[in-house]
Amino acid sequence: NAPSLELLGQLRHFSRLQTVEVRSLLLGRAAALAAQNRNEHHVRDLADAMTEIFASISCPEDFSVHELRFHRLIAESSGNQVLAVLMDMIAAVEVSNLPDRLQTQQQRRAAANRHHETYKAIRMGRPDDASRWAELRITGKADSH
């Protein structure tokens, strides 16, 4: 697995902004594919992850763990394993480089609400909405979808 370790090492040299942009694109596409390819198992797992996210709003560390799990489940639900692996690699870089993000309960609650909107769009099979909400969670900005 030397090439993947090499890529992971290279990712650490890019700016946080570049990493966030790529993660936003990947998560947005994964959410759209998850909405298209959803099944009962995926929806149930995402619902369980949402419960954990909302239950962990008071603890930043737990919230981050559950948020990463939610993103991983979206990637798995996309049906594209390459996308899932790339998202894991980007997440690994971001986790090791986390700034003071989502430090207040208000910030975590807003993030949880965006995740919930992503979940609902996936559950209802609405790819454009799933993509928009997923990207919004990462960037914090509305896009032009």
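This text goes with the structure placed above it.
Our subject in this report is the structure included herewith. Computed from a prediction, not measured in an experiment: that's the story for all the values here. (Residues numbered from 1 in each chain as written. Predicted model: local features only at pLDDT ≥ 70, side-chain atom pairs only at ≥ 80, totals over all residues. Heavy atoms only, no water.)

**Structural notes on the side chain of Ser24**
Right, so step 1: Within the secondary structure layout, Ser24 lies in helix H2 (residues 16–37).
Right, so step 2: By relative accessible area, which is 4% here, Ser24 ends up buried.
Right, so step 3: In this structure, Ser24 is in contact with Glu135, Ile138 and Thr139, ignoring residues within four places of it in sequence. (Helix = DSSP H or I, 4+ residues; strand = E, 2+ residues; numbered from the N terminus. Buried < 20%, exposed > 50% of the residue type's maximum accessible area, 1.4 Å probe, protein only. Contact = heavy atoms within 4.5 Å.)

**What to know about the nonpolar core**
Right, so step 1: Of all hydrophobic cores here, the largest spans 32 residues; its most connected members are Leu46, Phe63, Phe70, Ile74 and Ile122.
Right, so step 2: Listed by contribution, the elements that provide at least two residues to this core are H2, helix H3 (40–55), helix H4 (60–77), helix H5 (81–96), helix H6 (105–123) and helix H7 (127–139).
Right, so step 3: The greatest single-element share of this core, amounting to eight residues, is contributed by H2. (Core = buried A, V, L, I, M, F, W, Y, C linked by side-chain atoms within 4.5 Å.)

**Quick notes on the pattern of salt bridges**
Right, so step 1: A complete count under the given rule lists six salt bridges for this structure.
Right, so step 2: A salt bridge links Arg72 to Asp88, with the shortest nitrogen-to-oxygen separation between them at 3.3 Å. One end of the pair, Arg72, is in helix H4; the other, Asp88, is in helix H5, and 16 residues separate them in sequence.
Right, so step 3: Assessed through its relative accessible area of 25%, Arg72 is described here as partly exposed.
Right, so step 4: Between Arg132 and Asp129 there is a salt bridge; the shortest N-O distance is 3.3 Å. Highlighted residues: Arg132 and Asp129, both in helix H7, separated by three residues, approximately one helical turn.
Right, so step 5: Using a relative accessible area of 18% as the deciding quantity, one classes Asp129 as buried. (Salt bridge = Lys/Arg side-chain N within 4 Å of Asp/Glu carboxyl O.)

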